[in-house]
Amino acid sequence: MSSGAPKGENCLVDMDSKAGDLFSAEDAHPTGTGGTGMLAKLWLPKGLSASVAKEWFDRRRLSIRPWASFVDQRKFSKPRNFGELCQRVVKNVEIYNSNYTFIFLGLILYCIISSPMLLIALAVFAGAFYIIHLKSLESKLVVLGRELNVPHQMSLAGVISLPVFWLAGAGAAVFWVLGATLFVIGSHAAFRQLEGSDFDELLMESV
């Protein structure tokens, strides 16, 4: 007796075709654009694509000055006067801006990891924003006669998650990150000696 279930090679072909539909369907994205198949469900709002973030990250990473030179203690000294201090800060911020950016990101990451409540608050914010954005794709969200775009949706998610951020002490965390960043970057920029070529360039600019 024969059954309706596919057998042998026919079964393999059927499974392959279903797998192909699952991972390569063009209309899997809620908006019908961007991404393919199952991976399209892991989308980001327009303007917040992962490719833009990756491109920015790669540019910063490629422009980083060597960390060994960045922390070389032999190249640190006390500035002779206030004018030299200002020159060092301005020039070092220009030279090591990518290094300073990663220090800032590292301090943010440390602050988040060391605070479980802050992790919960961020999860609440991300969840609220995701749900709001999904609802906006199903039907337009209108508040006071205006349609909510992505920035408005993020603001609404922030308002919803504000009590959790308050309980997590987000304000204190922000001030800690800013204070630590200013201290670390300011100290490095003030006491890091300028390289010979950089100092000559600074003299030429002043002339």
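Scroll up for the structure.
Residues numbered from 1 in each chain as written. Predicted model: local features only at pLDDT ≥ 70, side-chain atom pairs only at ≥ 80, totals over all residues. Heavy atoms only, no water.

## Side note on the overall build of the chain
Step number 1: Each helix and strand counted, the chain has 9 helices and 2 strands in total.
Step number 2: Classification of the 207 residues of the chain by burial places 25% in the buried group.
Step number 3: Put simply, of all contacts in the chain between residues at least 6 apart along the chain, 73% involve residues at least 24 apart.
Step number 4: Of the roughly 14,600 Å² of accessible surface on the chain, 68% is carried by carbon and sulfur atoms. (Helix = DSSP H or I, 4+ residues; strand = E, 2+ residues; numbered from the N terminus. Buried < 20%, exposed > 50% of the residue type's maximum accessible area, 1.4 Å probe, protein only. Contact = heavy atoms within 4.5 Å. Areas by Shrake-Rupley, 256 points an atom, 1.4 Å probe, with all protein chains shown as cover.)

## A word on the packing of aromatic side chains
Step number 1: Tallied over the full model, the rule gives 6 aromatic pairs.
Step number 2: With a centroid separation of 5.2 Å and an interplanar angle of 80 degrees, the aromatic rings of Trp67 and Phe70 are classed as edge-to-face. On the criterion of helical spacing, the pair formed by Trp67 and Phe70 is a turn pair, its members being 3 residues apart in helix 3 (residues 67-70).
Step number 3: You can call Phe70 buried: its relative accessible area is 4%.
Step number 4: Ring geometry for Tyr110 and Trp176: centres 5.8 Å apart, planes at 35 degrees, overall tilted. Here the residue Tyr110 occupies a position in helix 5 (residues 97-113), and Trp176 occupies one in helix 8 (residues 170-191), the gap between them amounting to 66 residues.
Step number 5: Residue class for Trp176 comes out partly exposed when judged on its relative accessible area of 39%.
Step number 6: Grouping aromatic residues by their ring pairs yields a cluster made of Trp67, Phe70, Tyr96 and Tyr100. (Phe/Tyr/Trp six-rings, centres within 6.5 Å; stacked < 30°, edge-to-face > 60°.)

## Brief notes about the packing of helix 6 (residues 116-138) against helix 7 (residues 150-167)
Each pair of packed helices gets described by two things: the angle between the helix axes and the distance between those axes.
Step number 1: Orientation of helix 6 relative to helix 7, taken along the N-to-C sense of each, is 150 degrees, at an axis distance of 8 Å. Considering their axes alone, helix 6 and helix 7 lie roughly antiparallel with respect to each other. For the pair helix 6 and helix 7, the sense of crossing is right-handed. Contacts between helix 6 and helix 7 involve Met117, Leu118, Ile120, Ala121, Leu122, Val124, Phe125, Ala128, Phe129, Ile132, His133 and Ser136 on the former and, on the latter, Val150, Gln153, Met154, Leu156, Ala157, Gly158, Ile160, Ser161, Val164, Phe165 and Leu167.
Step number 2: The class makeup of the residues in the contact of helix 6 with helix 7 is 18 nonpolar, 5 polar and no charged. (Axes fitted to C-alpha atoms, helices over the stretch in contact; angles between N-to-C directions. Parallel < 35°, antiparallel > 145°, perpendicular 65-115°, else oblique. Left-handed = near helix turned anticlockwise from the far one by under 90°. Nonpolar A, V, L, I, M, F, W, Y, C, P; charged D, E, K, R; others polar.)

## Observations regarding helix 8
Step number 1: Over its 22 residues, helix 8 extends 31 Å from the first C-alpha to the last, a length consistent with the 32 Å expected when each residue adds 1.5 Å.
Step number 2: Every buried residue of helix 8 is accounted for by Ala170, Ala173, Val177, Ala180, Thr181, Ile185, His188, Ala189 and Ala190.
Step number 3: Where helix 8 is buried, its residues contact helix 3, helix 4 (82-95), helix 5, helix 6 and helix 7. (Expected span 1.5 Å × (residues − 1).)

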